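# Results of the structural survey
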Amino acid sequence: MNVQQTPKSPPKVLFVDDEESILSAARRLLRGRNIEIITATSPLEALEIMTKEDCWVIVSDYRMPEMTGTELLESIKRKFPHVTRLMLTGFLERPVIKEAINRASVFRFITKPWDETELILGIETAIQHSGRRKTNSQLVHEIGVQNQLLEQLTQNLESEVNKRTQGIQESKTLAESKQRLVRELTAFVKNLSRVEDVSELYDVVFHEMRKFHDVSEPYLFLLEGQKKSRLIWRSSRNIREKVVNQIPKHFHSLSVRTSSPDDLIWWKQNVKKQCRSLLAIPIRARETSSTQPVAVMMVEHGLAANALTLLLDRITERLQAVSIVLDKILLREQLVMATQQWEATFNGFNDPIAVLDQQDRVVRANKTYLKTFSGPLQKERSFRINTYSINFASRSTIIPRIVNYYYDTTHERDLYLKLVQSEKLAAVGLFAGNIAHELNNPLSGIRALTQIMQSEIETTNPFLTDIHEIEKAAIRCQQIIKNLLSFSEPSNDSFEEVNLNDMIDSTLPLLKTALRLVNLRKYYDSNLGIVCIQSSQIQQVIFNLINNATQAMGQDGTLTLRTWSEGRYSCFSIADTGSGIPIEIQERIFEPFFTTKGVGVGTGLGLSVSRSIIEKYEGKLSLESSMGRGSTFTVYLPRVIK
Amino acid sequence: MKVLIVDDEFIVAKALARAFESRNHQVVLAHTGEEGVEKWESFAPEVVLLDVVMPGLTGPQVIEEFRRRQDSNSPLSSAKIVLMTAHSGVRDRAAAHGLGANEFIQKPFEDIFSLVTQIEKMVVR
Ligand SMILES: Nc1ncnc2c1ncn2[C@@H]1O[C@H](COP(=O)(O)OP(=O)(O)O)[C@@H](O)[C@H]1O
Ligand SMILES: [Mg+2]
């Protein structure tokens, strides 16, 4: 969008934020556009700049050290009313937003971190707005000048006429006073037309009443529904606002009341002031068919009956204009709130959403979209896109738009990939089983031959020890193969009554490489009792737990194996001095496919398989872990009762 | 006694042969199932040690083939048949009988000489 009347020099935008990084981001963003950006790192600096520079728009952060954004913008509004005010916000609460709208007439809120298109659009719209206001006020100014000229002209004419006509003097005075009244009314309406928020309205109305001297600052009640109202008043220069939850019935009446007992009682209870006389003026909504006021203005005064009538006359004359403006303000307020709410909702979605135009350009997107698709992608993610088209109606034209809703399927895809991986794993297991058999055969031949040779050569032969070494190596190989086989053929395994100490020791040779770098400590209880299990399965559990432990430790850790008996259980624990497991994932690590290890390292199956095996024996697998200290996995297996 | 050893794994066959020979038995080796059937007929062993898994004819198929070739008139071979298997599945005597053999032995052998002793006892019985 472009500024309609391109000014000779680019419009100036003042950006205020106490964070330099934000300012430089803004500078970068606005570079190359027909906008001159000026920055300030503090509200005071901003106020100083404003006295020197003719800025069109000010964009201010909310949280800053010296004063809040609302306070800054409020004082800008007072001193430089033509500058359009934008506010950057994190997630703000309604009261803060309301306050900013009412005190500082904030034109638009832009949430931080900002969406670039949104920010640019906001600034450009604000520039247009300022532009329009500038031309407006210029017009008003010109009209003023012309009026003066006219007045002068009239005076001149009048003095001419005066000289000539004496008799008309009386009627002239009368006409003059009428003219004055009309002029005042026009001025009032003109002032009103510039009003943008409740506090400005308040000021204009009060300014009007102050002409009557003995009138104190009014209280304005905006009635929202039957039960709630907003009370607006001024206290030491500031406009205050609060919510009042009880509205007396008579507030809904449409008649003007002077010191009615109901009002007086209510006033004393709620405003707690000594009260002289009280004037209550209901303000109707614009649609005059409504039987209830949208607002009630209450003024305390010390006016005599005469003056009071004059005041009432004056106010009644102006009430219609006031109610129109009030309508406008309330609508605007609702609009800003609704936009804010809509944006918060839009941004609250955890899935990316984008609105595209017909050329597939993103015209609007929520935060998740920006987070997901801008900046470096952490890992490859996959999405399913739901697309539907929407026609936005704007005045007379229809703007076709496409909404893309991105449904993150990364997790689904990962799960699927892992499933495929685990199937591969099973295939590898089978394959390993076959290889083990292939190797076993020649190994048994080697072993048998060494036995024969040892029996046949003399005991003095130096080869005897060599041959013995060969036999030992063959035996060790066969041991490894036997363990490997127990993984691939668990179902053939029969139940055995074993001692857990032996069970663990028979598994350790399989983990030789894994255990090479750690210190191993064993504390075995010799009085453990017997458990009835399928060896290969329990071996598999031990294998998984020790593997995890050594992977968590790296070099120089200590692995402690402990066995004991407890109640009806034989127990063993495997403790490491590794990284520990964050409490948030302590339950999740038992889920199938849950892994924190890289592709090719972790399958996420170890613990889930282990737990299901142990539970099959009516045992328990539990975990204790503290970050940085290490983890202990404990297995409880029911003892065989003899 | 006369021992026929059928095993495709050369070193296993050789080790078994050596062990039996060291106890003064007469050994003939075959490295395939087909060769095993031939030598069974020509050598007329008292003990046949048969590997189960072999390329070509498997151990049980060797037994079948040998039986098939026996004329109904000619006397059935009285050899004791021992199947050698590395698989840890079914491996009891009943299973061996089902396959036409007398016994299963488990590979790998822990002690080759006690295996020889075990088979010697089997033949005497
Ligand atoms: N001893 C341990 N120390 C720290 N973390 C562990 C330990 N054991 C398991 N884990 C965590 O639990 C997850 C799941 O373990 P597991 O089911 O064995 O699958 P994998 O080891 O293939 O990742 C691991 O990725 C790891 O994050
Ligand atoms: Mg693991």
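Report on the accompanying structure. For clarity, every value in this text was computed on a predicted model and none was experimentally measured. (Residues numbered from 1 in each chain as written. Chains lettered and ligands numbered in written order. Predicted model: local features only at pLDDT ≥ 70, side-chain atom pairs only at ≥ 80, totals over all residues. Heavy atoms only, no water.)

### Thoughts on the overall build of chain A
We count it as follows: Going along the chain from the N terminus, every DSSP run of H or I of four or more residues is numbered as a helix, and every run of E of two or more is numbered as a strand. Note on exposure labels: buried denotes an accessible area under 20% of the residue type's maximum, exposed denotes more than 50%, and partly exposed covers the range between, all computed with a 1.4 Å probe on protein chains only. In what follows, residue pairs with any heavy atoms lying within 4.5 Å of each other are defined as contacts. Accessible areas in this description were obtained via Shrake-Rupley with a 1.4 Å probe; residue shielding takes into account the shown protein chains only.
Secondary structure assignment for chain A yields 16 helices and 22 strands. Expressed as a percentage of its 642 residues, the buried residues of chain A come to 43%. Pairs at least 24 residues apart make up 64% of the contacts formed inside chain A by residues separated by at least 6 positions. About 35900 Å² of surface is accessible on chain A, with carbon and sulfur atoms providing 54% of the total.

### Considerations on the interface of chain B and chain A
Short version of the rule: Accessible area, probed at 1.4 Å, shrinks when two parts are joined; the buried area is that loss added up over both. Put simply, a salt bridge is a Lys or Arg side-chain nitrogen that is within 4 Å of an Asp or Glu carboxyl oxygen. What qualifies as a polar contact is a pair of N or O atoms within 3.5 Å, subject to a donor-acceptor requirement within protein and to the restriction that residues adjacent in sequence count only when both atoms come from side chains. Polar here means any residue outside two lists: the nonpolar Ala, Val, Leu, Ile, Met, Phe, Trp, Tyr, Cys and Pro, and the charged Asp, Glu, Lys and Arg; Gly therefore counts as polar.
Each side of the interface is counted separately: chain B has 19 residues, and chain A has 17 residues. The three residues of chain B that bury the most area against chain A are B:I11, B:P108 and B:F113, which together make up 27% of that side's buried surface. At the junction of chain B and chain A, the tally comes to 0 salt bridges. One can count 1 residue pair in polar contact (both at pLDDT 80 or more) joining chain B with chain A. Elements that contribute at least two residues to the side of chain B that touches chain A include exactly α1 (10-22) and α5 (112-124) of chain B. Among the elements that line the side of chain B that touches chain A, the one with the most residues is α1(B), at 6 residues. By residue class, the composition of the side of chain B that touches chain A is 9 nonpolar, 4 polar and 6 charged.

### Structural notes on unusual backbone geometry
Between A:K112 and A:P113 the backbone carries a cis peptide bond, its omega angle lying at -5°. Following the sequence through the fold, A:P113 ends up in the loop between β5 (108-111) and α5 (116-164). A positive phi angle, close to 60°, is found at A:E618, a residue other than glycine. Positionally, A:E618 belongs in the loop between α16 (606-616) and β21 (620-626). One non-glycine residue with positive phi stands out, namely B:N24, at about 65°.

### Considerations on the packing of aromatic side chains
Given two aromatic rings, their pairing is described by the distance between the two centres and the angle made by the two planes. Residues and elements named next belong to chain A. Note the threshold: Aromatic pairing here means that ring centres of Phe, Tyr or Trp (its six-membered ring) are within 6.5 Å. Orientation follows from the plane angle: under 30 degrees is stacked, over 60 is edge-to-face, and everything else is tilted. In this scheme, Lys NZ or Arg CZ marks a charge over a ring once it lies within 6 Å of the ring centre and within 35 degrees of the ring normal.
All told, the structure shown has 14 aromatic pairs over all chains when counted by the stated rule. Ring centres of F221 and F251 lie 5.1 Å apart, and the angle between their planes is 75°; on these two criteria the pair is classed as edge-to-face. Taken together, the positions of F221 in strand β6 (residues 219-224) and F251 in the loop between β8 (238-244) and β9 (257-258) put the pair 30 residues apart, joining distant regions of the chain. Taking relative accessible area as the criterion, F221 reaches 0% and is therefore assigned buried. Geometrically, the ring pair formed by F495 and Y617 is edge-to-face, given 6.2 Å between the ring centres and 75° between the ring planes. Pair noted here: F495 is in the loop between α12 (463-488) and β16 (496-498) and Y617 is in the loop between α16 and β21, with a separation of 122 residues, a long-range link. You can call Y617 buried: its relative accessible area is 9%. Following the ring pairs from residue to residue traces out a cluster consisting of Y219, W233 and W267. Here the guanidinium or amino end of R318 rests over the ring plane of F188, the centre of that ring lying 5.2 Å away.

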